[in-house]
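# Remarks on the overall topology
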Amino acid sequence: MVGETNLTALLASMLPVLLDEEYVFCSVQGQYGDYQNLLPLATFRESEGLTLVLTKAAAIEGGLPFESVFKGITLTVHSSLDAVGLTAAVANKLTEKGISANVIAAYYHDHIFVQTEKAALAIEALNEFSQV
């Protein structure tokens, strides 16, 4: 199944869904296997360490430090990894509202992590795309 590449169609049909959990980003030393019991939602290896995106509860359980707490938003439209402009449009819309956007693109969907206290405002802002 091929994902959507047309930016207008992507924006009009993204249908953002707010995830239930609160998430944090942690930077740790070691390998993924050292932390798999915490069930990270995502990981990324950087030169400074391994970034884990995991629930706030899992980070606390694992004794991992974190700085900010986020809510996840999934854009439910199947966006192609070759689509141009979706990340920029979302980031610009959230910037207009003073909301930080931490974006992760997966195979089927894009996922945005926003400050917990601004999650409702972020959903409202992203829904503006389908009201045009």
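Residues numbered from 1 in each chain as written. Predicted model: local features only at pLDDT ≥ 70, side-chain atom pairs only at ≥ 80, totals over all residues. Heavy atoms only, no water.

Attention shifts here to the pairing of strand E6 (residues 110–115). Within E6, 6 of the 6 residues are buried, leaving the element largely enclosed by the surrounding structure. Taken together, the 6 bridges between strand E4 (residues 70–75) and E6 define a ladder with antiparallel strand orientation. Note that in E6 the partner of Thr74 across the bridge is His111. Strand direction decides the pairing type here: strand E5 (residues 102–105) and E6, joined by 4 bridges, are antiparallel. (Buried < 20%, exposed > 50% of the residue type's maximum accessible area, 1.4 Å probe, protein only. Helix = DSSP H or I, 4+ residues; strand = E, 2+ residues; numbered from the N terminus. Pairing = 2+ DSSP bridges.)

Moving on, we get to the confidence of the model for the chain. The share of residues in the chain with pLDDT of 70 or more is 98%, and the mean pLDDT across the chain is 94. Here helix H1 (residues 7–12) stands out as the least confident element of the chain, with mean pLDDT 89; helix H2 (residues 56–61) is the most confident, with 98. (pLDDT = per-residue confidence, 0-100.)

Our focus in this paragraph is the sheet that holds E6. Taking strand neighbours across the sheet as the criterion, the 6 strands line up as E2-E3-E1-E4-E6-E5 in an open arrangement whose pairing is antiparallel. Looking along the sheet, the strands with just one partner apiece sit at the ends: strand E2 (42–46) and E5. The average angle at which neighbouring strand axes cross in this sheet is 30°, direction not considered. (Axes fitted to C-alpha atoms, helices over the stretch in contact; angles between N-to-C directions.)

With that settled, consider the pairing of E2. As defined by bridge partners, E2 adjoins strand E3 (residues 49–55) across 5 bridges and the pair is classed as antiparallel. Counterpart to Phe44 in the pairing with E3 is Thr51. Linking E2 to E3, which pair antiparallel, is a turn of 2 residues.

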